[in-house]
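One letter stands for each residue in the lines below.
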Amino acid sequence: MSVPMFNLAPSLKVSRLCYGTMTFGEQNSIGQSFRLLDYAYGSGINFFDSAEMYPVPQRAETHGRSEEYVGSWIRLRRIPRDKVVLATKVAGPSGQMLWIRGGPKSLDAKNITEAIDNSLLRFQTDFIDLYQIHWPDRYVPMFGEVEYDPNKQYCFIPVEEQLGALSRAIDAGKIRFIGLSNESPYGMMKFLQVAEKLYGHHKIVSLQNSYNLLSRSFDSGLAECCHHERIFLLAYSPLAMGILSGKYFLGDGGPCNARLNRFKGVMDNNNSWCAGRYSEGESRYNLSNPIIRAATKEYLNIAENFGLHPVSLAFAFILRHPLIASTVFGATKPSQLQEVVDACKVTLSAEILDEINKVHIKYPNPCP
């Protein structure tokens, strides 16, 4: 069975599995990355997601490698460009990645245009199918934060300027469609309002936010916005950084090269916590949180009771959602890729969904 497809936008048909490449250049060498891309493409996956800051954990020495590996694979394997859908993302302001345009400092027109041009060079392509803003150019609670604090807001680049730069890139043939990521209902609706108000500004077609058994906050506000505005979700982190696979609940705590083990924080000699190299992931998917562990164990029990692989349960739950076009996943091994592809064949019964919702009511969104 080939991976099913979804019409994300006119003339943009994507596989319902989107292979995220954030490990390429850090956890995966170029040879390993090529073999994984071969496997994914051969399984019917045509949708590949990257970002200018990848791989993660981000550092100057590896900046841009993920895009470079994907671009080299397309060229060396002579993959017809119209057979793959390339998505990537421009980094928002952070101040921590000085090797990316000095921070980056903002998402003004100059930064967006420069980011697009650099991604095109790394991909070795003339156009990018879906270009996304990785996170907003304004304060927004994310990566584990849930409450908005007005005191944290700062001066930001107007949406008009951001969308104007992206729209000009579409008109120039550099990108085909625009998407958002890690966005709130306000932000999404603001982009849609500006596109409708200003002539020549293109509408966004997708939103890439987290969605999984442990994180269903999309359903609270964004789902209604997406439904009425015909925007589809690209659900990232379907396994909650691998937690829902069950591997961290094995007797040995999971493989030492698994992300939450390989990059985890530690206690120093003064008994103070030192964040790991992937602090964004640790802040949301904290295995020391007893609620996260309890909820995960109950989902793993559901999978076991109904004779399902935990990966199949997690992906089938996401793919049944009518507003989700594709789920963005990572895999560092062919065996992991196969587990994900197999999950496309699974349909959850009403009884299984009822058991899932009982756990959700008991432990609502422990990984927001």
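Criteria and cut-off values
- For every chain, the first residue of the written sequence is number 1, and numbering continues from 1 along that sequence.
- In keeping with the model being predicted, local features are shown solely for residues with a pLDDT of at least 70 and side-chain atom pairs are shown and tallied solely at 80 or more, while totals for entire chains, interfaces and linings include all residues.
- Calculated side-chain values reflect all of the structure's heavy atoms, with hydrogen atoms and water omitted.
- Note on geometry: axes are lines fitted to C-alpha atoms, helical ones only across the stretch in contact, with angles between N-to-C directions running from 0 to 180 degrees.
- Numbering goes from the N terminus for both helices and strands, where a helix is a DSSP run of H or I of at least four residues and a strand is a run of E of at least two.
- Our angle categories are set so that under 35 degrees counts as roughly parallel, over 145 as roughly antiparallel, 65 to 115 as roughly perpendicular, and the remainder as oblique.
- For any helix crossing, the convention is left-handed if the near helix is rotated counterclockwise from the far helix by under a right angle, and right-handed if that rotation is clockwise.
- Only heavy atoms enter the contact rule, under which two residues are in contact if any of them lie within 4.5 Å.
- Residue type decides the class: Asp, Glu, Lys and Arg count as charged, Ala, Val, Leu, Ile, Met, Phe, Trp, Tyr, Cys and Pro as nonpolar, and the leftover types, Gly among them, as polar.
- For this analysis, a nonpolar core means a set of buried residues of the types Ala, Val, Leu, Ile, Met, Phe, Trp, Tyr and Cys, connected via side-chain atoms within 4.5 Å.
- For every residue, the accessible area obtained with a 1.4 Å probe (protein chains only) is divided by the maximum for its type, and the residue is called buried under 20%, exposed over 50%, and partly exposed between those limits.
- To estimate the expected span of a helix, subtract one from its residue number and multiply by 1.5 Å.
- What the arc measures is the spread of directions leading from the helix axis to the C-beta atoms.
- By definition, two strands form a pair when at least two bridges between them are found by DSSP.
- Polar contact is defined as a pair of N or O atoms within 3.5 Å, subject to the rule that within protein one atom must be able to donate a hydrogen and the other to accept it, and that residues adjacent in sequence are counted only when both atoms are side-chain atoms.

> Help me understand the packing of helix H5 (residues 185-197) against helix H6 (residues 222-229), please; the structure alone is not making it clear to me.
How two helices sit against one another is set out by the angle between their axes and by the gap between those axes. Orientation of H5 relative to H6, taken along the N-to-C sense of each, is 20°, at an axis distance of 9 Å. When the axis of H5 is compared with that of H6, the two are roughly parallel. In this structure, the crossing between H5 and H6 has a hand that is left-handed. Taking contact as the criterion, the partners of Pro-185, Met-188, Met-189 and Leu-192 in H5 are, on H6, Leu-222, Cys-225, Cys-226 and Glu-229. When the residues that make up the contact of H5 with H6 are grouped by side-chain class, the tally is seven nonpolar, no polar and one charged.

> Explain the nonpolar core here, please?
Proteins that are soluble and globular tend to have nonpolar side chains buried together. In terms of nonpolar packing, the biggest core is built from 94 residues, with Leu-17, Tyr-19, Ile-45, Met-188 and Ile-243 touching the most fellow members. Here the element with the most residues in this core is helix H10 (residues 310-319); it accounts for eight residues. For Ile-243, the residues in contact, after removing those within four places along its chain, are Leu-214, Tyr-248, Phe-249, Leu-260, Tyr-285, Leu-287, Ile-292 and Thr-296. Grouped together as the second largest cluster of nonpolar side chains are 17 residues, Leu-8, Val-14, Phe-177 and Phe-232 included.

> Would you mind showing me how to read helix H1 (residues 30-42) here?
Because an α-helix packs 3.6 residues into every turn, residues spaced three or four apart end up facing the same way. The terminal C-alpha atoms of H1 lie 18 Å apart, and with 13 residues this matches the ideal 18 Å at 1.5 Å per residue to within 8%. Among all positions in H1, only Ser-33, Phe-34, Leu-36, Leu-37 and Ala-40 are buried. In a view along the axis of H1, the buried residues occupy a sector of 165°, so they form one face of it. Facing away from the buried side of H1, by more than 90 degrees, are the exposed residues Arg-35 and Gly-42. Looking one or two residues past H1, Gly-44 carries a phi angle of roughly 105°, positive in sign.

> What am I meant to see in the sheet that holds strand E7 (residues 175-181) here?
Strand pairs in the sheet, formed through backbone hydrogen bonds, run parallel or antiparallel to each other. Taken together, eight strands build a closed barrel; the order of strands is E3-E4-E5-E6-E7-E8-E9-E12 and the barrel is parallel. In this sheet, adjacent strand axes meet at a mean angle of 30° when their direction is disregarded. Note: strand E4 (residues 47-49) against strand E5 (residues 85-90), three bridges, orientation parallel. Opposite Phe-48, over in E5, you have Leu-86 as the bridge partner. Against the sheet, H5 makes contact with strand E6 (128-133), E7 and strand E8 (204-210), and its axis sits at roughly 170° relative to E8, the strand it touches most.

> How should I be thinking about the side chain of Ser-119 in this particular structure?
The topology assignment puts Ser-119 in helix H3 (residues 109-123). A relative accessible area of 0% means that Ser-119 is categorised as buried. Polar side-chain contacts of Ser-119 include one of 2.9 Å to the side chain of Glu-67. Those residues in contact with Ser-119 that lie beyond four places of it in its chain are Glu-52, Glu-67, Thr-88 and Ile-128.

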